[in-house]
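Fold and contact review
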Amino acid sequence: MRYRLQNRDLPGSPDFANRKQRWAVFAHGCFWHAHPGCARATIPKRNHEFWATKLARNRQRDAEVVAALEAEGFRVLTIWACEVERDSDSARRALEVFLRSGPQET
Ligand SMILES: [Zn+2]
């Protein structure tokens, strides 16, 4: 698998990406990226308004980043920290399936 780490010139600076095959992968922490339905995606009670706004903004930005990448023809996969920690084999398989399901390098 060929990829570049830290792609600052792509929207959202994906953690892994391959321009030629046009895919991008994000590895997201559940708290900072407000993983939907995840027990770790809590909003702190202290300074609740501040956190609610900040985390909602993070989530909004993530959605915009995915939309921007898809508009450039990228396929995008997000891997969540809780999934990797719960079952890293399953997370790795999901990643492999994602990478294989795209156009192959010639
Ligand atoms: Zn999570």
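Computed from a predicted model, the values in this text were never measured in an experiment.

A word on the coordination of the zinc ion
Here the zinc ion is held by C30 (SG), H35 (ND1), C38 (SG) and C82 (SG), and the distances to it run 2.0 to 2.4 Å. Given four donor atoms and angles of 103 to 115° at the metal, the environment of the zinc ion is assigned as tetrahedral. On the primary sequence, the residues serving as donors to the zinc ion are separated as C-x4-H-x2-C-x43-C. Taken together, the residues C30 in the loop between β3 (23–28) and α1 (48–71) and C82 in helix α2 (residues 81–86) connect sequence positions 52 residues apart. The same class applies to C30 as to C82, namely buried.

A closer look at unusual backbone geometry
You will see that S13, though not glycine, has its phi angle at about 45°, which is positive. Checked against the element boundaries, S13 lands in the loop between β1 (4–5) and β2 (16–18). With a relative accessible area of 23%, S13 lands in the partly exposed category. Even without being glycine, A34 reaches a positive phi, approximately 50°. Structurally, A34 can be placed in the loop between β3 and α1.

Quick look at the environment of E70
Looking at the secondary structure, you find E70 in helix α1. Looking at E70, the relative accessible area reads 47%, which means it is partly exposed. The spatial distance from the C-alpha of E70 to the C-alpha of W23 is 9.2 Å, given a sequence separation of 47 residues.

The rules behind these values
- Residues numbered from 1 in each chain as written.
- Predicted model: local features only at pLDDT ≥ 70, side-chain atom pairs only at ≥ 80, totals over all residues.
- Heavy atoms only, no water.
- Donors = N, O, S within 2.8 Å, 3.2 Å for Na, K, Ca; no water.
- Tetrahedral: all angles 85-135°; square planar, octahedral: opposite > 155°, others 65-115°.
- Helix = DSSP H or I, 4+ residues; strand = E, 2+ residues; numbered from the N terminus.
- Buried < 20%, exposed > 50% of the residue type's maximum accessible area, 1.4 Å probe, protein only.

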